[in-house]
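Listed here are the chains, written in short residue letters.
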Amino acid sequence: MMEFIDTIMRPQFIITLLAAVSAFATVLTIAIPIMSTDRMSQRMKVMATERDKMRAQRMAELATERPGASLRQAPKGYMQQIVDQLNLRKHFDSEEVRTKLKMAGLRGQAPLVTYMFFRIAMPIIVFLGALFYMFVMAKLAYPPIVKVFFALIAGFIGYYLPNVFIHNMVQKRQQAIKQAFPDSLDMLLICVQSGMSVEAAFGKVSKEVMATSLELAEELSLTTAELSYLQERRLAFENLGKRTGIPGVKAVATALIQAERYGTPVSQALRVMAKENRDIRMSEAEKKAAALPPKLTVPMILFFLPVLFVVILGPAAITLWGS
């Protein structure tokens, strides 16, 4: 252990590590703009076909009632084959997992199959990678059993990496929706007060908010499709709250459901909820601003105060040293 710590604390190792991180960051900075695709057109294409998928689902339900009907089956890849052979759906397929994937913007069977595949594959990949690093690259002076134990710990951590990845995607998506949701409620209120129906208002706002928040535009477009297709409009509003997982969006969905059920004006509910969501966004900004002074204390002590002491006491020290 002491040899490992000495190796890490060597200046040559630190300089090599910083150089490697800098080179990786440079390559990543250049490669990301080149490899990035047009997410907007891709997402809106998915939303354009979402209504057709719901119709196909309804046709599938009707086909189960009619034994003579037949539906086309999607081709299965290697991930699908592994999932079917190991019966991973029994262990990982649940309503909670599907809701998490929808909150992350991943819909359909393909993301679910990919998630279940990597829940099994990531521990093996991380374990083999840790073994390769321990025995080949690092060449640490530890017994082989200790290296294998460290690799097993890394593999255990790899089992939870897909959940961490999905959780990060959910947080980023929710943050993007929170930023644009109060403004979209204002536009929705204007559309409703101008005489537009709720479906037309959702469709109009989804197009207008596309430039600022693609995630929110996607959810509003899907809600528009559900409002025009589902038999109960209540289900469309409830699905909007479930897909986002944001308390403000769920409150708006509940207000729209109550306004439709009891016949209260939709514009009044939207006006109240727009103000509440704007206040929530402002309070979150105030919390972040209030948390800045404690966060700046340590950098000021480490970087500003020594320089300040040198500037103030430096001339006096030079004078005393010369005398």
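Conventions and cut-offs
- Residues numbered from 1 in each chain as written.
- Predicted model: local features only at pLDDT ≥ 70, side-chain atom pairs only at ≥ 80, totals over all residues.
- Heavy atoms only, no water.
- Helix = DSSP H or I, 4+ residues; strand = E, 2+ residues; numbered from the N terminus.
- Expected span 1.5 Å × (residues − 1).
- Bend = angle between axes of the 7 residues up to and from the residue.
- Axes fitted to C-alpha atoms, helices over the stretch in contact; angles between N-to-C directions.
- Parallel < 35°, antiparallel > 145°, perpendicular 65-115°, else oblique.
- Left-handed = near helix turned anticlockwise from the far one by under 90°.
- Contact = heavy atoms within 4.5 Å.
- Nonpolar A, V, L, I, M, F, W, Y, C, P; charged D, E, K, R; others polar.
- pLDDT = per-residue confidence, 0-100.
- 1 Å grid on protein atoms, 1.4 Å probe; cavity = no way out; pocket = protein on both sides within 12 Å on 5 of 7 lines; lining within 4 Å.
- Points joined across faces, edges and corners; volume = space filled by probe spheres on them.

K.L.:
Teacher, can you tell me more about helix H7 (residues 109–138) here?
P.N.:
Three or four residues apart is the spacing at which side chains of an α-helix point the same way, because the helix has 3.6 residues per turn. Between the first and last C-alpha of H7 there are 40 Å, a value that for 30 residues agrees with the 44 Å anticipated at 1.5 Å per step. The sharpest bend along H7 measures roughly 35° and falls at Ala-121, with the proline Pro-123 sitting one to four residues further on.

K.L.:
Got a minute to help me understand the packing of helix H11 (residues 214–229) against helix H12 (residues 233–244) in this structure?
P.N.:
Axis angle and axis distance: for two packed helices, these are the angle between their axes and the distance between the axes, and together they describe the pair. Packing of H11 against H12 brings their axes to within 9 Å, and their N-to-C directions diverge by 160°. What the angle tells us is that H11 and H12 run roughly antiparallel. Along this stretch, H11 crosses H12, giving a crossing that reads as right-handed. For the pair H11 and H12, the contacting residues are Glu-219, Leu-222, Thr-223, Glu-226 and Leu-227 in the first and Arg-233, Ala-236, Phe-237, Asn-239, Leu-240, Arg-243 and Thr-244 in the second. Here the residues of the contact of H11 with H12 sort into five nonpolar, three polar and four charged.

K.L.:
How do you make sense of the confidence of the model for the protein chain when you look at a structure like this?
P.N.:
Regions with low pLDDT carry predicted coordinates that are not meant to be interpreted in detail. For the protein chain, the average pLDDT comes to 79, and 82% of its residues sit at 70 or higher. Note on residues 65–76: pLDDT is under 50 here. Beyond four places in sequence and across chains, it has five contacts.

K.L.:
Explain empty space enclosed by the protein to me, please; I cannot follow it from the model alone.
P.N.:
Any space left empty among the atoms is revealed by the rolling of a water-sized probe across them. Following the criterion strictly, the structure yields one cavity of 30 Å³ or more and no others. Of the volumes computed, that of the largest cavity is approximately 70 Å³. Lining the largest cavity, in full, are Phe-181, Ser-184, Leu-185, Leu-188, Phe-202, Val-205, Leu-220, Leu-240, Val-252, Ala-253 and Leu-256. With four residues, helix H9 (residues 161–193) is the single largest residue contributor to the lining of the largest cavity.

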